[in-house]
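Residue-level structural notes
Here's the letter readout for the chains.
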Amino acid sequence: MFFRTAGWLDEDAGEWHLPVHGWVYEQQDSSVRKALFEAVLEEKFDLHVGEGNEANFSERLNLLIADNERGKRIVIEMAGRVHELPASSENGHFEAILRVPEADIAGFVEAGRLPYSAVTRESEGRSFDGEIRLVSPVGLSIVSDIDDTVKISNVTDRKQLLESAFLLDFAAAPGMADLYSHWAAQDASFHFVSSSPWQLYTPLQEFLDESGFPWATFSLKAVRFRDETLFDLFKKGTETKPMAIKEILDRYPGRTFI
């Protein structure tokens, strides 16, 4: 899968910096791991998996325990050109920043966003598509948290937080989609910076789209459930978010930020 990203313009060089970020993985459906995790929820937090929440539990847990594919090289087609990306790392993620002349992408931009897709074998029945928003050097940008800002999560209560993350349908914070849409109508760009793990990107993105929030980039937390990075899931946002926010600010020095 490809994650939503935003590009920035080098006006002196007349070229766009276009970040491509994605994840190669094989989804798992391990009855043993699910049973263990379910037992922890029940014994430690009195949370129960049943008919009403089993679909949410299975979808989100299967993503969290997915098998990351290391050393995979992805090739994409963007603006009529083919680009080979760096190999995926041990967490299955691959990243690159492509530098493309402004004139070369002019005819490919759709509603301020540049689409691209993975180059696959003819026998591959699926397509893998991504988008990069082209953010102008000046304008309004919103950097937003997700939990208890646009999605009700009750992060100060561990039991309610786990129930929200794994069992319940996601619930939108009242009025926030309307507020963000009002800013979007003024051509604001949006960047979500959250302590949620990258593995939950798809359900989070789908929830925000369905709730009426504007198109946005995501900066989430990188964790692997097979090594010590698992403990990063419990790091405070004050330890993990400033670096992601600084990166956004540095890329758009002429924009106004909320």
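Residues numbered from 1 in each chain as written. Predicted model: local features only at pLDDT ≥ 70, side-chain atom pairs only at ≥ 80, totals over all residues. Heavy atoms only, no water.

The seven strands lie next to each other as E6-E5-E8-E9-E1-E2-E7, forming an open sheet whose pairing is mixed. Both edges of this open sheet fall to strand E6 (81–84) and strand E7 (93–101), since each of them pairs with a single strand only. Going from strand to strand, the sheet's axes swing by 30° on average, the running direction of each strand aside. As paired elements, strand E5 (residues 75–78) and E6 share four bridges and run antiparallel to each other. Considered in E6, the bridge of Met78 is made with Arg81. (Pairing = 2+ DSSP bridges. Helix = DSSP H or I, 4+ residues; strand = E, 2+ residues; numbered from the N terminus. Axes fitted to C-alpha atoms, helices over the stretch in contact; angles between N-to-C directions.)

This next bit is on the environment of Arg126. When you line up the elements, Arg126 lands in the loop between strand E8 (113–118) and strand E9 (129–135). Within the local environment of Arg126, its side chain forms a polar contact with the side chain of Glu124, the two groups lying 2.9 Å apart. (Polar contact = N/O pair within 3.5 Å; in protein donor to acceptor, adjacent residues only side chain to side chain.)

So, about the environment of Arg121. Assignment of secondary structure puts Arg121 in the loop between E8 and E9. Since its relative accessible area comes to 63%, Arg121 is described here as exposed. Here the alpha-carbon distance between Arg121 and Phe2, two residues 119 residues apart in the chain, equals 18 Å. (Buried < 20%, exposed > 50% of the residue type's maximum accessible area, 1.4 Å probe, protein only.)

The next thing to look at is helix H6 (residues 201–210). For H6, the full list of buried residues reads Tyr201, Pro203, Leu204, Gln205, Phe207 and Leu208. Looking one or two places after H6, you find Gly212, whose phi comes out positive at around 90°.

Right, let's talk about the packing of aromatic side chains for a bit. If you walk through the whole model with that rule in mind, you get 14 aromatic pairs. Relative to Tyr116, the ring of Phe2 has its centre 4.9 Å away and its plane inclined at 75°; by these criteria the two rings are edge-to-face. Here Phe2, found in the segment before strand E1 (5–10), pairs with Tyr116, found in strand E8; they are 114 residues apart in sequence, far enough to count as distant. Residue Phe2 shares its accessibility class with Tyr116, and that shared class is buried. Here the aromatic residues Phe3, Phe192, Trp198, Tyr201 and Phe218 are joined through ring pairs into a cluster of three or more. The residue whose ring lies beneath Arg60 is Phe170, and the NZ or CZ to ring-centre distance is 3.9 Å. Against the face of Phe170 rests Lys151, its NZ or CZ located 4.6 Å from the ring centre. (Phe/Tyr/Trp six-rings, centres within 6.5 Å; stacked < 30°, edge-to-face > 60°. Lys NZ or Arg CZ within 6 Å of the ring centre and 35° of its normal.)

Following the sequence through the fold, Ser189 ends up in strand E11 (residues 189–197). At a separation of 2.8 Å, a polar atom in the side chain of Ser189 contacts the side chain of Ser141. Within the structure, Ser189 has its side chain in polar contact with the side chain of His191 (distance 3.4 Å). Once you skip the residues sitting within four places of it in the chain, Ser189 turns out to touch Arg133, Val135, Leu140, Ser141, Ile142 and Arg255. (Contact = heavy atoms within 4.5 Å.)

Here we come to the packing of helix H1 (residues 31–45) against helix H4 (residues 158–166). When two helices pack together, you describe them by how their axes are tilted relative to each other and by the distance separating the axes. In the contact formed by H1 and H4, the axes pass within 11 Å of each other and the chain directions differ by 150°. Considering their axes alone, H1 and H4 lie roughly antiparallel with respect to each other. The two elements H1 and H4 meet at a crossing, and its hand is left-handed. Residues Phe37, Leu41 and Phe45 of H1 lie in contact with H4, whose contacting residues are Arg158, Lys159, Leu162 and Phe166. When its residues are assigned to classes, the contact of H1 with H4 shows five nonpolar, no polar and two charged. (Parallel < 35°, antiparallel > 145°, perpendicular 65-115°, else oblique. Left-handed = near helix turned anticlockwise from the far one by under 90°. Nonpolar A, V, L, I, M, F, W, Y, C, P; charged D, E, K, R; others polar.)

Formed by 36 residues in total, the largest nonpolar core has its most connected members in Val150, Tyr180, Phe192 and Phe218. For this core, the secondary structure elements donating two or more residues are helix H2 (54–64), H4, helix H5 (176–184), E11, H6 and strand E12 (217–221). Residues in contact with Phe218, not counting those within four places in the same chain, are Arg4, Ile146, Phe192, Trp198, Tyr201, Gln205 and Leu208. Listed in part, the 21 residues of the second largest apolar core include Phe2, Ala79, Leu114 and Ile132. (Core = buried A, V, L, I, M, F, W, Y, C linked by side-chain atoms within 4.5 Å.)

Our focus in this paragraph is H4. All of the buried residues along H4 are Leu162, Ser164, Ala165 and Phe166. The secondary structure elements touched by the buried residues of H4 are H1 and H2.

The next point concerns the sheet that holds E12. Reading across the sheet, the four strands line up as E12-E11-E10-E13 and stay open at both edges, with parallel pairing between neighbours. The outermost strands of the open sheet, each flanked by one partner alone, are E12 and strand E13 (256–257). Pairing of strand E10 (residues 140–144) with E11, which is carried by four bridges, proceeds in the parallel orientation. What sits directly across from Val143, in E11, is His191.

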